[in-house]
Amino acid sequence: QVQLVETGGGLVQAGGSLRLSCAVSGRTFSRYAMGWFRQAPGKEREFVSALIWSAGSTYYADSVKGRFTISGDNAKTTVYLQMNSLKPEDTAVYYCADRTYYGGSYYFSDENEYDYWGQGTQVTVSS
């Protein structure tokens, strides 16, 4: 069984920083990409960032470009999301997701491309 566990969420003032971590365990088949999504109360879940393990390629939503950075460790067991210059609009539950194979699609922002999800971690940015 594949498990994803997010940590690092919390309360921070606007302009501050947080680093989220996602630990992956129990993988029994292919590794391809990891993604971060978020969901605010009353809103749909939205794409934040993605990392392609083999190439180190990264992708970001326009709303977080220049402020957030995604990265992973050499063992490909942990993915991070460094969040700087946080805004109240960033307040949401942040989810880590695992895409196990390419499958011919380049749409990393589509949640349907991901196979496993963590439980989420709350990020609250005060004004």
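Because the structure is predicted, anything quoted here is derived from the model rather than measured.

Engineer: Run through the nonpolar core, naming residues and quoting values.
Structural biologist: With 35 residues, the main nonpolar core has W36, L81, M83 and Y94 as its most contacted residues. With five residues, the top contributor of residues to this core is strand β5 (residues 46-52). Dropping the residues within four chain positions of it, Y94 is found in contact with E6, L20, W36, F37, R38, V48, F68, L81, M83, G120, T121 and V123.

Engineer: How would you explain the sheet that holds strand β1 (residues 3-7) if you had to name every residue and give the values?
Structural biologist: Spatially, β1-β3-β8-β7 is the arrangement adopted by the four strands of the open sheet, whose pairing is antiparallel. Across the chains shown, the open sheet's two edge strands, defined by having one partner strand only, are β1 and β7 (68-72). On average, each strand axis in the sheet is tilted by 15 degrees relative to the strand beside it, whichever way the strands run. Examined bridge by bridge, β1 and strand β3 (residues 18-25) share five bridges and lie antiparallel to one another. Across the sheet, the residue bridging to Q3 is S25, located in β3.

Engineer: Describe in detail the pairing of β5, supporting the description with residues and values.
Structural biologist: Most of β5 is tucked away, with six of its seven residues classed as buried. Pairing between β5 and strand β6 (residues 58-60): three bridges, direction antiparallel. Within β6, the position partnered with L51 by the bridge is T58. Counted along the chain from β5 to the antiparallel partner β6, the turn is five residues long, and its residue G56 has a positive phi close to 75 degrees.

Engineer: Give me the pattern of salt bridges: which residues, what numbers.
Structural biologist: Throughout the structure, instances matching the rule amount to six salt bridges. The closest approach of N and O atoms between E111 and R45, which form a salt bridge, is 2.9 Å. Highlighted residues: E111 in the loop between β9 (92-99) and β10 (116-117) and R45 in the loop between β4 (33-39) and β5, separated in sequence by 66 residues. Among the residues examined, R45 registers a relative accessible area of 30% and is labelled partly exposed. When the shortest N-O distance is used, the salt bridge between D90 and R67 registers 2.8 Å.

Engineer: Could you give an account of the environment of K76, naming the residues involved and the relevant values?
Structural biologist: Turning to its location among the elements, K76 is positioned in the loop between β7 and β8 (78-83). In sequence terms K76 and D90 are 14 residues apart; their C-alpha atoms lie 26 Å from each other. In this view, K76 contacts R31, W53 and S54; residues no more than four positions away in its chain are not counted.

Engineer: Could you give me a rundown of the environment of L4, with the residues and numbers involved?
Structural biologist: Summarising the element assignment, L4 is placed in strand β1. Sequence separation of L4 and G15 is 11 residues, and the distance between their C-alpha atoms is 28 Å. For L4, the contacting residues outside a window of four places in its chain are C22, A23, V24, M34, C96, A97, D98, Y116, W117, G118 and Q119.

Engineer: Outline the environment of E46, supporting the account with residue identities and numerical values.
Structural biologist: You can see E46 is positioned in strand β5. With relative accessibility at 35%, the residue E46 sits in the partly exposed group. Considered as a pair, E46 and Y94 are 48 residues apart in the sequence and their alpha carbons are 9.6 Å apart. When residues no more than four places from it in sequence are discounted, the contact partners of E46 are F37 and R38. For E46, the side chain forms a polar contact with the side chain of R38, separated by 2.8 Å.

Reading guide: rules and limits
Along each chain, residues carry numbers from 1 onward, in the same order as the chain's sequence is written. With the structure being a predicted model, the display of local features is reserved for residues of pLDDT at least 70 and the display and counting of side-chain atom pairs for 80 or more, all residues being used for whole-chain, interface and lining totals. Each side-chain value is derived from all of the structure's non-hydrogen atoms; neither hydrogens nor water enter the calculation. The term nonpolar core refers to a set of buried residues drawn from Ala, Val, Leu, Ile, Met, Phe, Trp, Tyr and Cys, joined through side-chain atoms within 4.5 Å. Here's how the labels work: a residue is buried when its accessible area is under 20% of the maximum for its type, exposed when over 50%, partly exposed in between, all with a 1.4 Å probe on protein chains only. Labels follow the DSSP assignment, with helices taken as runs of H or I lasting at least four residues and strands as runs of E lasting at least two, numbered in each case from the N terminus. Between two residues, a contact is recorded if the distance between any of their heavy atoms is within 4.5 Å. In this scheme, strands are said to pair when DSSP sees at least two bridges between them. Note on method: axes are straight lines fitted to C-alpha atoms, helices fitted across the in-contact stretch only, with angles between N-to-C directions ranging 0 to 180 degrees. Here, a salt bridge means any Lys or Arg side-chain nitrogen found within 4 Å of an Asp or Glu carboxyl oxygen. Polar contact is the term for a pair of N or O atoms within 3.5 Å; when the atoms are in protein, one must be able to donate a hydrogen and the other to accept it, and sequence-neighboring residues count only if both atoms are side-chain atoms.

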